[in-house]
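Examining the three-dimensional arrangement
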Amino acid sequence: MDKAAWDKADDKLAEFRTQVNKQRSAESSVTLGYAIDEWMRLTEIEHSTRKTYDGYIERTIRPVLGSLPARKVDARTLESFYTELRRCRVRCDGTPFIEKHKKKGDHDCVKEQCRPHKCSPLAASTVRQIHSIISGTLAAATRWGWITDNQAHVAKRPKQKPPEPKPPTSAEAARLVEEAFEMDEDWGVLVWLAMTTGMRRGELCALRFSHVDLDAEVIDLRRNWVLGQEKGTKTHQIRRIALDSETVALLRQHRDRIADRTRSLGQKFTDDLFVFTGTLKRNRLHVEPYSPNAVTQRYKDMATRLSIDTHLHALRHYSATELLTAGVDLPTVAGRLGHGGGGATTLRVYAAWVAASDRKAAEILGSRMPKRAPK
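What comes next is a walk through the structure.

The rules behind these values
Residues numbered from 1 in each chain as written. Predicted model: local features only at pLDDT ≥ 70, side-chain atom pairs only at ≥ 80, totals over all residues. Heavy atoms only, no water. Core = buried A, V, L, I, M, F, W, Y, C linked by side-chain atoms within 4.5 Å. Buried < 20%, exposed > 50% of the residue type's maximum accessible area, 1.4 Å probe, protein only. Helix = DSSP H or I, 4+ residues; strand = E, 2+ residues; numbered from the N terminus. Contact = heavy atoms within 4.5 Å. Phe/Tyr/Trp six-rings, centres within 6.5 Å; stacked < 30°, edge-to-face > 60°. Lys NZ or Arg CZ within 6 Å of the ring centre and 35° of its normal. 1 Å grid on protein atoms, 1.4 Å probe; cavity = no way out; pocket = protein on both sides within 12 Å on 5 of 7 lines; lining within 4 Å. Points joined across faces, edges and corners; volume = space filled by probe spheres on them. Nonpolar A, V, L, I, M, F, W, Y, C, P; charged D, E, K, R; others polar.

**Regarding the nonpolar core**
Counting residues in each nonpolar core, the largest one holds 45 residues, and the members touching the most others are Trp-187, Val-191 and Leu-193. For this core, the elements supplying multiple residues, two or more each, are α6 (170–183), α7 (185–197), α8 (201–206), β4 (218–221), α9 (245–264), α10 (292–305) and α11 (314–325). Here this core gets 8 residues from one element, more than from any other, and that element is α7. Those residues in contact with Trp-187 that lie beyond four places of it in its chain are Ala-180, Tyr-290, Val-295, Arg-298, Tyr-299 and Met-302. Ranked by size, the runner-up nonpolar core spans 30 residues in total, among them Ala-70, Leu-122, Ile-134 and Leu-138.

This is the structure in structure tokens:
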């Protein structure tokens, strides 16, 4: 190659290097806020999760880290951010001040309840969710070539609090279900089904008669009701839950009762109707599901009247712990609850009851062993 051609090639290489450096410079200036926006736009997450993430991003992440170049979001920056949030959610500097009401313009401090600031830390679980948003964003930025590595992978996040399920006692469960049937038969069946199947409240609300096979004595669970929309189950898995004979009898009576009620109102009964509803308007009976929030509130009010400290989700705990204590194996319990991970989630949440079940198994085995004659 002659000198002229060599010089021309050298000039082209220099030009190419300049273009690459410009691109790298532009990419390195991408802010975390912009990267989050792109990640949220392109990632596939549930609507309810997206709504939760939007709140964390706008209230907590963007005001503090949004303008920071993504390449400068290192482990130390993140750990400092998390520590401040665990101390005070508004990240105050420790100096006393008056929290002003959110209402803009002139207002009466007394009426608007302006008050001295009191530090309130974010829960560890909330900070872990914030970490998930940042980690997901930085992972995407790494794939897109905007940064060289994801520092969130090495940043220390708050430890996950061990689950502390508190199911109602057998006596409390009996009082709750008895009160539910006293209130009305439909409500009683709902509470009974929650106890015996461990279904989530959204799964109960989305349940249609077509999903209940009374002859086979199973529920074909495939839908969930979230934020006014019918979706797949939380783990996106279809599961079949076996029913005991008493539950089947209650559901048969419930189905006949709803069929008679709908026909008396001039409405056609079909298996596509919802099993439970809070809408009792003419021609709308069981066409709309029971609102999950309304179910939660009604259950809370009922428990309060009975002076029982519990909540609706505790019925799911009740179902799980009763099964485990009775010696039902972990995979079966996990399958009924719809837990993923081959029972890992069930084991983590109900470790104490699994241990109790294991102790019971040991005692049963020991009782069956041949007795040795005393020496």
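**Topic: the packing of aromatic side chains**
The final tally for this structure, using the stated rule, is 6 aromatic pairs. Ring centres of Tyr-34 and Trp-146 lie 5.7 Å apart, and the angle between their planes is 35°; on these two criteria the pair is classed as tilted. Of this pair, Tyr-34 sits in helix α2 (residues 32–42) while Trp-146 is found in the loop between α5 (124–143) and α6, placing the two residues 112 residues apart along the sequence. Pairing Trp-39 with Tyr-53 gives two aromatic rings, centres 6.3 Å apart and planes at 20°, and the pair type is stacked. Of this pair, Trp-39 sits in helix α2 while Tyr-53 sits in helix α3 (residues 47–65), and the two are 14 residues apart along the sequence. A single burial state applies to Trp-39 and to Tyr-53, both of which are buried. Ring pairs connect the aromatic residues Tyr-34, Trp-144 and Trp-146, which therefore count as one cluster. In this arrangement the basic side chain of Arg-208 is found over the ring face of Phe-274, its NZ or CZ atom lying 4.0 Å from the centre.

**Notes on the side chain of Thr-137**
With respect to the helices, strands and loops of the structure, Thr-137 is situated in helix α5. Contacts of Thr-137, omitting those with residues within four sequence positions, involve Leu-32, Ala-35, Ile-36 and Trp-39.

**Considerations on empty space enclosed by the protein**
Applying the stated criterion across every chain, the model contains 1 cavity of 30 Å³ or more. Contributing to the lining of the largest cavity are Phe-209, Val-212, Leu-214, Leu-251, Arg-255 and Val-275. Its residues placed into classes, the lining of the largest cavity shows 5 nonpolar, no polar and 1 charged.

**Structural notes on the environment of Tyr-56**
Secondary-structure assignment places Tyr-56 in helix α3. Taking the relative accessible area as the measure of exposure, Tyr-56 reaches 11% and is therefore buried. Taking the C-alpha atoms as reference points, Tyr-56 and Ile-130, 74 residues apart in sequence, are found 6.6 Å from one another. Not counting the four nearest positions on each side in its chain, Tyr-56 is found in contact with Ile-61, Thr-126, Gln-129, Ile-130 and Ile-133.

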